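Coordinates in review
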Amino acid sequence: MNWTALTVFSALFAFVTVLGFVAARWRRGDLTQINEWGLAGRRFGTVVTWFLLGGDLYTAYTFIAVPALVFSAGAMGFFAVPYTILVYPMVFVIFPRLWTVARKHGFVTAADFVKGRYGHQGLALAVAITGIVATMPYIALQLVGMEVVIGAMGVETHGIYGHLPLIVAFVILAAFTYTSGLRAPAMIAVVKDLLIYITVAAAVIIIPAKLGGYGAIFAAVPPEKLMLATPPAGSLGAWSAYATLALGSALALFLYPHSMTGVLSSSSGHVIRRNAALLPAYSFVLGIIALLGYMAYASGVASKPEFAEGFARYGANFAVPALFLDQFPSWFAGVAFAAIGIGALVPAAIMSIAVANLFTRNIYKVHIRPNCTPEAESQMAKLVSLIAKVGALFFVLALPQSLAIQLQLLGGIWIIQTLPAVFVGLYTRWLDPRALLIGWAAGIGTGTWMAWTLGFKSSVYPLKLFGLTIPAYAALSTVILNLAVAIVLTFVFKLVSQASHADVTAREDYA
């Protein structure tokens, strides 16, 4: 047991717990209204939105998994850096438009927009269910990241008593999310991001100095891990895999309900644009975080006996905790682990709120209790946010971690299938909602089949076109199929059917 690291970790965790409950009084609003509880009244300015989106998108699992991928697979793990660079120009262009129409019509979720834009309950329900199913394993993976750092401090993470710290952490999370709504993760995100910047700044200076500089680090890494492998004849190999992973991930990221929630809580479209210009600072930090994988490799932590049990239990995910324990004093390792642990709380809270908003607004209120009052709607959202956390905890405690990872792999493939309805719908109403629904089903079915044929171990499916093998991210190839089906069937439906679907929005609503 590393008591020093555990003490520092616990103290910082207790501090953010207090912040979570205090947040209910911050920028006071009527938390019996879902717009206030689930979107903080859409009042967050540039600074708060920057911290909220940073805390939302750069999670504990990012801090653990990205360097773990670099540690084990080498250069392929760096695809996360260009994809976060690609995403922000799209945010700059697309999301002020979405925010404007959502504010005008009181839309809280992407499914709200789809229902208003296309007047088709089935399509809106498909978008809502996709968002919920894709997000649940994502919440579970935040627990996986937290479990790794708790285990790194010497706390047993197996058995009834071993799971107790994780259970306590999520009970606290559930309590302050229930009472404070989106205000809690927004306030805690400030602390989390400051801790991460301190940790990364220390890592980028101290660890290379101890290992002999960056030249020594790169010299210790095998050449095949430093560059993408040259494709064999007749295949685009790692090149197309890397490119499609970056582009597909960029297209999918802000379709996730938690990303949408963070954006819609902004106070204006200008705030979103400013953040699209400022958020690439996180991409720079992400590049440094990815380099931690090479630092862990060069430090030789995988071969040190004191870390053997951690690597045996957590695999490459243990690389960063082992590196911090090896290179930093125990007290600073506690600070770094707190940054990762709090980095699990913030996105998990936002994700559970986003799931609650989707279920309450687009399933409960529409299909179960249409006449519910605003107070009942908000109360149901709070209850669903608790259920979402319990479901995520079940993923981690009762099922193999590999299942949560496999489902999260599918999550990206699934959530991107809502792109034609949401992003294209912001610019044109030409696509028929029935065609969009069939296209969505084609994308979901084909993407799931691709992942299944790969044994749910990868999301890169080898497409064979004109004698050339093109390994491509299944999410990107299937959303292209989805959009093609929607376009073709729109022509068909317009020829054979005169059915019309109401659009509650108008052109001026998007300006």
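Residues numbered from 1 in each chain as written. Predicted model: local features only at pLDDT ≥ 70, side-chain atom pairs only at ≥ 80, totals over all residues. Heavy atoms only, no water.

Let us look at the overall build of the protein. Tallying secondary structure elements over the protein gives 24 helices and two strands in all. Relative to the compact-globule value of 24 Å for 511 residues, the protein shows a C-alpha radius of gyration of 23 Å, a close match. Reported as C-alpha extents along the three principal axes, the dimensions of the protein are approximately 70 × 60 × 40 Å. The 511 residues of the protein split such that 60% are buried. (Helix = DSSP H or I, 4+ residues; strand = E, 2+ residues; numbered from the N terminus. Rg over C-alpha atoms; globule rule 2.2 N^0.38 Å. Buried < 20%, exposed > 50% of the residue type's maximum accessible area, 1.4 Å probe, protein only.)

Here helix H7 (residues 121-152) crosses helix H19 (residues 330-368) at 160 degrees, and the two axes come no closer than 8 Å. Here H19 runs roughly antiparallel to H7, going by the angle between their axes. At the point where H7 passes H19, the crossing takes the left-handed sense. A breakdown of the residues in the contact of H7 with H19 according to their chemical character gives 21 nonpolar, 10 polar and no charged. (Axes fitted to C-alpha atoms, helices over the stretch in contact; angles between N-to-C directions. Parallel < 35°, antiparallel > 145°, perpendicular 65-115°, else oblique. Left-handed = near helix turned anticlockwise from the far one by under 90°. Nonpolar A, V, L, I, M, F, W, Y, C, P; charged D, E, K, R; others polar.)

So, on to the pattern of salt bridges. Under the counting rule described, the total for this entry stands at 10 salt bridges. Here Asp112 and Arg361 are joined by a salt bridge, their closest N and O atoms 3.0 Å apart. Of this pair, Asp112 sits in helix H6 (residues 110-118) while Arg361 sits in helix H19, and the two are 249 residues apart along the sequence. Take Asp112 and Arg361: they sit in the same class, and that class is buried. A salt bridge links Glu377 to Lys365, with the shortest nitrogen-to-oxygen separation between them at 3.8 Å. Here the residue Glu377 occupies a position in helix H20 (residues 374-398), and Lys365 occupies one in helix H19, the gap between them amounting to 12 residues. One network of salt bridges, in which partners are shared, links Asp112, Arg361, Lys365 and Glu377. (Salt bridge = Lys/Arg side-chain N within 4 Å of Asp/Glu carboxyl O.)

Let us look at the environment of Val485. In this fold, Val485 is placed in helix H24 (residues 474-496). Along the backbone, Val485 and Leu358 are 127 residues apart, and their C-alpha atoms lie at a distance of 26 Å. With near-sequence residues (within four places) excluded, Val485 lies in contact with Ile438, Gly439 and Ala442. (Contact = heavy atoms within 4.5 Å.)

So, about the pairing of strand S1 (residues 460-465). Pairing geometry for S1 and strand S2 (residues 468-473), over six bridges, is antiparallel. By the bridge assignment for S2, Leu463 is matched with Ile470. In textbook terms, the turn of a hairpin is the stretch between consecutive antiparallel strands, and for S1 and S2 this stretch comprises two residues, one of which, Phe466, has a positive phi near 55 degrees. (Pairing = 2+ DSSP bridges.)

Attention now goes to the environment of Val108. Inspection of the secondary structure puts Val108 in the loop between helix H5 (80-105) and H6. Owing to a relative accessible area of 3%, Val108 belongs among the buried residues under this scheme. In contact with Val108, not counting residues within four places along its chain, are Leu39, Arg42, Leu264, Asn357 and Arg361.

The next point concerns unusual backbone geometry. Trans peptide bonds make up the majority, and among non-glycine residues the majority have a negative phi. Positive phi, normally seen in glycine, also occurs at Ala40, with a value near 55 degrees. In this fold, Ala40 is placed in the loop between helix H2 (34-39) and helix H3 (46-57). Phi is positive for Arg42, close to 55 degrees, though the residue is something other than glycine. The topology assignment puts Arg42 in the loop between H2 and H3.

A word on the nonpolar core. Ranked by size, the top nonpolar core spans 178 residues in total, and within it Phe63, Phe95, Val114, Phe254, Leu292 and Phe324 carry the most contacts. The greatest single-element share of this core, amounting to 21 residues, is contributed by H19. Leaving out residues up to four positions away in the same chain, Phe324 has contacts with Phe63, Thr199, Ala203, Ile207, Leu292, Ala333, Ala336, Phe337 and Ile340. (Core = buried A, V, L, I, M, F, W, Y, C linked by side-chain atoms within 4.5 Å.)

A word on the environment of Pro222. With respect to the helices and strands, the residue Pro222 is situated in the loop between helix H11 (214-220) and helix H12 (223-226). Residue classification places Pro222 among the buried positions, given a relative accessible area of 18%. Through-space distance from the C-alpha of Pro222 to that of Gly74 is 9.0 Å; in sequence the pair is 148 residues apart.

We now examine a nonpolar patch on the surface. Side chains of Val488, Val492, Leu495 and Val496 sit close together on the surface and give an oily, nonpolar patch of about 410 Å² of accessible area. Take Val488: it is sitting in helix H24. Val488 gets classed as exposed once you look at its relative accessible area, which sits at 51%. (Patch = residues over 30% accessible without salt bridge, like charges linked within 9 Å, V, L, I, M, F, W, Y side chains within 5 Å. Areas by Shrake-Rupley, 256 points an atom, 1.4 Å probe, with all protein chains shown as cover.)

Okay, helix H23 (residues 433-453) next. A rise of 1.5 Å per residue sets the reference length of H23, with its 21 residues, at 30 Å; its end C-alpha atoms lie 30 Å apart and thus fit the reference within 8%. Among the residues of H23, the N-terminal cap falls to Asp432, whose side-chain oxygen and the backbone nitrogen of Arg434 are separated by 2.8 Å. Of the residues one or two after H23, Gly455 is the one with positive phi, at around 70 degrees. (Expected span 1.5 Å × (residues − 1). Polar contact = N/O pair within 3.5 Å; in protein donor to acceptor, adjacent residues only side chain to side chain.)

Here we come to the side chain of Ser235. Within the element layout of this structure, Ser235 appears in the loop between H12 and helix H13 (237-253). Overall, Ser235 belongs to the buried group, its relative accessible area being 15%. Only 3.4 Å separates the side chain of Ser235 from the backbone oxygen of Thr469, close enough to count as a polar contact. Sequence-distant contacts of Ser235, defined by excluding residues within four places in its chain, comprise Leu468, Thr469 and Pro471.

Relative orientation of the contacting elements H3 and H19 amounts to 95 degrees, with a least axis distance of 7 Å. One element, H3, and the other, H19, form an angle in the roughly perpendicular class. Between H3 and H19, the contacting residues are Leu52, Gly55 and Asp56 on the first element and Val346, Pro347 and Ile350 on the second. Residues belonging to the contact of H3 with H19 are distributed by class as follows: four nonpolar, one polar and one charged.

With that settled, consider the packing of aromatic side chains. A complete count under the given rule lists 24 aromatic pairs for this structure. Look at Phe95 and Phe423: their rings are 5.7 Å apart centre to centre, the planes differ by 90 degrees, and that puts the pair in the edge-to-face class. Taken as a pair, Phe95 in helix H5 and Phe423 in the loop between helix H22 (419-422) and H23 lie far apart in primary sequence, 328 residues in all. Centroid distance Phe324 to Phe328: 5.5 Å. Interplanar angle 35 degrees. Geometry classified as tilted. Judged by its relative accessible area of 0%, Phe324 is buried. Between Lys382 and the ring centre of Tyr178, over which it is positioned, the NZ or CZ distance is 5.8 Å. The lysine or arginine in question, Arg434, covers the ring of Phe493, its NZ or CZ lying 4.5 Å from the ring centre. (Phe/Tyr/Trp six-rings, centres within 6.5 Å; stacked < 30°, edge-to-face > 60°. Lys NZ or Arg CZ within 6 Å of the ring centre and 35° of its normal.)

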